[in-house]
Amino acid sequence: MIIAANLKTNFTRKQTTEYIDELESYISKNNTTQDVLVFPATSSLNPHEGKVIVGAQNAYATNNGAFTGEIGLDHLNEFGIKTILIGHSERRHVLGESQQQLVKKFNFYKELGFKIVYCVGEPLEKREAGKGEMMNYISAQYEGIDTSYENLIIAYEPVWAIGTGLTPTLEDIQTIHTDLKEKSTAPLLYGGSVKVTNAKEVLALNNVDGILVGSAALNAQHFCSMIQFAEDIQ
Ligand code: 13P
């Protein structure tokens, strides 16, 4: 399974290094075989060798150039980064990235063979508008995306569940994952208020191939427990 930590705007480079070291030592001590991904803040990126795959939370669709505040491929290459998160709800809804911009970014990093974790998910008003409207909204987030790309991982993250402590019911997660698997056979992660207290149940669901964890992943011990849950289930 794939157990991923999105560290968002947390942890300095020093804290991130200590965090990843703690995960590495857990993984080697326990011989865990899960795919563990960590997405640090951009300024906390560092070259890393080990079992943990370090990815970027964002980068512009360029090698370099005049895009103030953004980084490009040259900067990722400096740290050996070959994995990127695209379409996270905070980038869509807080930073205003459009589907068109995301598609451009997706295609750029796809051409380079990057592992792409592509996020989809509906805001509360779409969920409350009924299943048809909700699925139409999510389907639009698949537009322009090569769903058969071999290095694609999809993360379903309902916007209203991110950082709120709210989650869909287990039944809801399983139903929507089953529907989304019809759009793409890529591994499908669930994200949104996954905690050490609910991760085991979520990971055990059909069509859940892993989890993308935000705030609860900041506790390295909790995150290691989640890696262990996945190991035990497999
Ligand atoms: P939380 O786990 O804090 O809800 O965040 C989820 C998320 O956005 C992961 O990308």
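In the block above lies the structure referred to throughout.
The text that follows walks through the structure, step by step, so that each part is easy to find.

## Side note on the overall build of the protein
Counting its regular elements, the protein contains nine helices and eight strands. A compact globule built from 234 residues would reach a C-alpha radius of gyration of about 17 Å, and the protein, at 17 Å, matches this within 12%. Principal-axis analysis of the C-alpha atoms gives the protein an extent of 45 × 45 × 30 Å. Here the protein, with 234 residues, has 50% of them falling under the buried criterion. Excluding contacts between residues fewer than 6 apart, the proportion of contacts in the protein whose partners are at least 24 apart in sequence is 71%. One finds the centroid of the 19 positive side-chain charges in the protein at a distance of 2 Å from the centroid of its 28 negative side-chain charges.

## What about the site of the ligand?
The full set close to the ligand counts 13 residues, and Lys 8, His 88, Glu 157, Gly 163 and Ser 193 are the nearest of them. Here Gly 163 contributes a backbone N or O atom positioned 2.6 Å from an oxygen atom of the ligand. Within the contact set of the ligand, an oxygen atom lies 2.9 Å away from a backbone nitrogen or oxygen of Gly 214. Of the residues that constitute the shell around the ligand, the class distribution is four nonpolar, seven polar and two charged.

## Regarding the pattern of salt bridges
Evaluated as defined, the whole model comprises 10 salt bridges. When the shortest N-O distance is used, the salt bridge between Asp 172 and Arg 127 registers 3.3 Å. Of this pair, Asp 172 sits in helix 7 (residues 170–181) while Arg 127 sits in helix 5 (residues 124–128); the two residues are 45 residues apart in sequence, bridging distant segments of the chain. You can call Asp 172 partly exposed: its relative accessible area is 32%. A salt bridge links Asp 179 to Lys 131, with the nearest nitrogen and oxygen atoms 2.6 Å apart. A residue pair is termed long-range when its members are at least 10 positions apart, and Asp 179 in helix 7 and Lys 131 in helix 6 (residues 131–140) qualify at 48 residues. Under the relative-accessibility criterion, Asp 179 is labelled partly exposed at 23%. We classify Lys 131 as partly exposed; its relative accessible area is 46%. Through salt bridges with shared partners, a single network forms among Arg 91, Glu 97 and Lys 105.

## Quick notes on the side chain of Ser 44
Counting through the fold element by element, Ser 44 comes out in the loop between strand 2 (35–39) and strand 3 (53–54). A polar contact of 3.5 Å, which involves the side chain of Ser 44, links it to the backbone oxygen of Thr 12. Residue contacts for Ser 44: discarding those within four places in its chain leaves Phe 11, Thr 12, Arg 13 and Thr 16.

What counts and what doesn't
Residues numbered from 1 in each chain as written. Predicted model: local features only at pLDDT ≥ 70, side-chain atom pairs only at ≥ 80, totals over all residues. Heavy atoms only, no water. Helix = DSSP H or I, 4+ residues; strand = E, 2+ residues; numbered from the N terminus. Rg over C-alpha atoms; globule rule 2.2 N^0.38 Å. Buried < 20%, exposed > 50% of the residue type's maximum accessible area, 1.4 Å probe, protein only. Contact = heavy atoms within 4.5 Å. Lys, Arg positive; Asp, Glu negative; His and termini not counted. Charge placed at Lys NZ, Arg CZ, Asp CG, Glu CD. Near = heavy atom within 4 Å. Polar contact = N/O pair within 3.5 Å; in protein donor to acceptor, adjacent residues only side chain to side chain. Nonpolar A, V, L, I, M, F, W, Y, C, P; charged D, E, K, R; others polar. Salt bridge = Lys/Arg side-chain N within 4 Å of Asp/Glu carboxyl O.

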